[in-house]
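Each chain, written out:
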Amino acid sequence: MAEEVMAIFKHGMPIFSIFQDENRQRIILLLCKNKEMTVNQITDQLELSRPAISHHLKLMLDAQVITVKKVGKERFYQVSLDDTVELLKKLTSALEKSISSD
């Protein structure tokens, strides 16, 4: 059972590290509230530079917690947490099983 929990932790590490940063947390909350936003729109809402926001968005894209769609020259970012929520459900379930089997 511990091996299953550790495998889930290992798989989720990129996602967990994304949510450690307060700026990325703020970006996620903005995207949840506004459904989709451009880098400039996010920059207008936060006290971060455009390059810093772009860096955070790239990390979140790599971890697959957001998606992007291009419309002309604009890139619109949206939250995509279905896989993350599923991972958290698996982790919770595996931990509950591990606790009850001890």
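Read on for a plain summary of the structure. In this text, all values refer to a predicted model and were calculated from it rather than measured experimentally.

Thresholds applied
- Residues numbered from 1 in each chain as written.
- Predicted model: local features only at pLDDT ≥ 70, side-chain atom pairs only at ≥ 80, totals over all residues.
- Heavy atoms only, no water.
- Pairing = 2+ DSSP bridges.
- Helix = DSSP H or I, 4+ residues; strand = E, 2+ residues; numbered from the N terminus.
- Buried < 20%, exposed > 50% of the residue type's maximum accessible area, 1.4 Å probe, protein only.
- Phe/Tyr/Trp six-rings, centres within 6.5 Å; stacked < 30°, edge-to-face > 60°.
- Core = buried A, V, L, I, M, F, W, Y, C linked by side-chain atoms within 4.5 Å.
- Contact = heavy atoms within 4.5 Å.

## With respect to the pairing of strand S2 (residues 74-79)
- Sheet topology note: the strand S1 (residues 66-71)/S2 ladder contains 6 bridges and is antiparallel. Opposite Val68, over in S2, you have Tyr77 as the bridge partner.
- Counting the residues that bridge the hairpin from S1 to S2 gives 2 residues, and of these Gly72 lies at a positive phi of roughly 65 degrees.

## Things to note about unusual backbone geometry
- At Lys35, a position not held by glycine, the phi torsion is positive, near 70 degrees.
- Phi at Gln64 takes a positive value of approximately 65 degrees, unusual for a residue other than glycine.
- Under the relative-accessibility criterion, Gln64 is labelled exposed at 54%.

## Examining the packing of aromatic side chains
- Evaluation of the coordinates by the stated rule reveals 1 aromatic pair.
- With a centroid separation of 6.4 Å and an interplanar angle of 70 degrees, the aromatic rings of Phe9 and Phe16 are classed as edge-to-face.
- Look at Phe9 and you get partly exposed, because its relative accessible area is 28%.
- Take Phe16: its relative accessible area is 21%, and that puts it in the partly exposed class.

## With respect to the nonpolar core
- One finds Ile27, Ile42, Leu57, Met60 and Ile66 to be the most contacted residues of the largest nonpolar core, which totals 22 residues.
- Looking at this core, the elements with two or more residues in it are helix H1 (2-18), helix H2 (22-34), helix H3 (39-45), helix H4 (50-62) and helix H5 (82-101).
- Setting aside anything within four residues of it in sequence, one finds Ile66 in contact with Ile28, Leu31, Leu57, Met60, Leu61, Tyr77, Gln78, Val79 and Ser80.

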